[in-house]
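Read off the chains here:
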Amino acid sequence: MPPIGSVPYITAWSGEQAPRMPVITKGRGIGYADERPYDRDSEGVLWTRTPSLPGKGRPEYGRVHTLRQRRAMGELLCQVCARPADRTADGVLWLSGEDAREAASWSGDLVTAHPPLCVPCAMRSVASCPHLRKRFVMLRVSAYSPAGVRGALYRPGHPAPVAVDATGVAFGDPRIHWVRAGQLLMRLSKFTIVEPNLV
Ligand SMILES: [Zn+2]
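Here the structure is a predicted model, which means the values were calculated and not measured. (Residues numbered from 1 in each chain as written. Predicted model: local features only at pLDDT ≥ 70, side-chain atom pairs only at ≥ 80, totals over all residues.)

Undergrad: I would appreciate a short explanation of the overall build of the protein chain in the present structure.
TA: From N to C terminus, the protein chain includes 4 helices and 11 strands. Counting only residues that meet the buried cut, the protein chain has 34% of its 199 residues in that class. A separation threshold of at least 6 residues defines the contact pool for the protein chain, and within that pool the share at least 24 residues apart is 75%. (Helix = DSSP H or I, 4+ residues; strand = E, 2+ residues; numbered from the N terminus. Buried ≥ 20, exposed ≤ 12 C-beta atoms within 10 Å, placed from the backbone. Contact = placed C-beta atoms within 7 Å.)

Undergrad: Hey, could you run me through unusual backbone geometry in this one?
TA: Trans is the common state for peptide bonds, and a negative phi is the common state for residues other than glycine. Along the chain, His158 connects to Pro159 via a cis peptide bond; the corresponding omega equals 10 degrees. When you line up the elements, Pro159 lands in the loop between β9 (137–155) and β10 (162–170). Phi is positive for Leu76, which is not a glycine, with a value near 55 degrees. Along the polypeptide, Leu76 turns up in the loop between α1 (66–75) and β6 (87–88). Overall, the presence of 18 C-beta atoms within 10 Å leaves Leu76 in the partly exposed class.

Undergrad: I tried to follow the nonpolar core on my own but got confused; where do I start?
TA: Across soluble globular proteins, you tend to see nonpolar side chains buried next to one another. Core analysis: the biggest nonpolar cluster contains 44 residues, and Leu117 and Val179 have the highest contact counts within it. Of all elements in the fold, only β1 (11–13), β4 (46–47), α1, β7 (91–96), α3 (119–128), β9 and β11 (179–194) reach the threshold of two or more residues within this core. The leading source of residues in this core is β9, at 9 residues. Val179 has contacts with Val45, Val149, Gly151, Ala152, Leu153 and Val169, leaving out every residue within four places of it along the chain. (Core = buried A, V, L, I, M, F, W, Y, C linked by C-beta atoms within 7 Å.)

Undergrad: Sorry, what's going on with α1 here?
TA: Residues separated by three or four positions in an α-helix point in the same direction, a consequence of the helix having 3.6 residues per turn. Taken residue by residue, α1 has Thr66, Arg68, Gln69, Arg70, Ala72 and Met73 as its buried positions. In this structure, the buried residues of α1 make contact with β4, β5 (59–64) and β11. Within two residues after α1, Leu76 carries a phi angle of roughly 55 degrees, on the positive side.

Undergrad: Where do I start with the environment of Val119 in this structure?
TA: Here Val119 lies in helix α3. Residue classification places Val119 among the partly exposed positions, given that 15 C-beta atoms sit within 10 Å. For the pair Val119 and Leu93, spaced 26 residues apart in sequence, the C-alpha to C-alpha distance is 7.6 Å.

Undergrad: So what exactly am I meant to see when it comes to the environment of Val111 here?
TA: Its place among the elements puts Val111 in strand β8 (residues 110–112). Overall, Val111 belongs to the partly exposed group, with 15 C-beta atoms counted inside 10 Å. Each C-alpha atom, one on Val111 and one on Leu185, is 6.4 Å from the other, the two residues being 74 residues apart in sequence. The contact partners of Val111, leaving out residues within four places of it in the chain, are Ala147, Leu185 and Arg187.

Structural data, given as structure tokens:
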């Protein structure tokens, strides 16, 4: 079993299963019957309630832990080690799995569910992940803002709302009140591509 420290901070463990939480119609959208203040963020969005038990069971590398992803993204912590992400005068360090040439032609914003990184973890990620090694760019991001959430979208139903899609919904979209959020999305609106050896 890998020690906790060698598993990325945002990776979910098999012992961290979200309880079945039925949603009800509430206010402008959905809610929990026994809702608590921390079930919603400052935008009023409902979040999936997930136990935080890192180290329990085995790491599930394909699955992201809701609260740790949200915290890393919101507080700009490294998604791997949870220390502050690297920041220079050029911006915060993000790693993107896009092809560098493609990236060079990007004109619009990027919206990502992947939190930023510190330099050592970014270097290790690139060195250890075959997919990233071939197709990645490092970005220095100088303008970013929370864009919305990815989660389970519901529609009104009887006796209870019905989950219809797993999707991203922007803050400001009326459907935001009908989503049970699982990940915070960040809009990267001003960035430069940096060479790994110049990070
Ligand atoms: Zn790190």
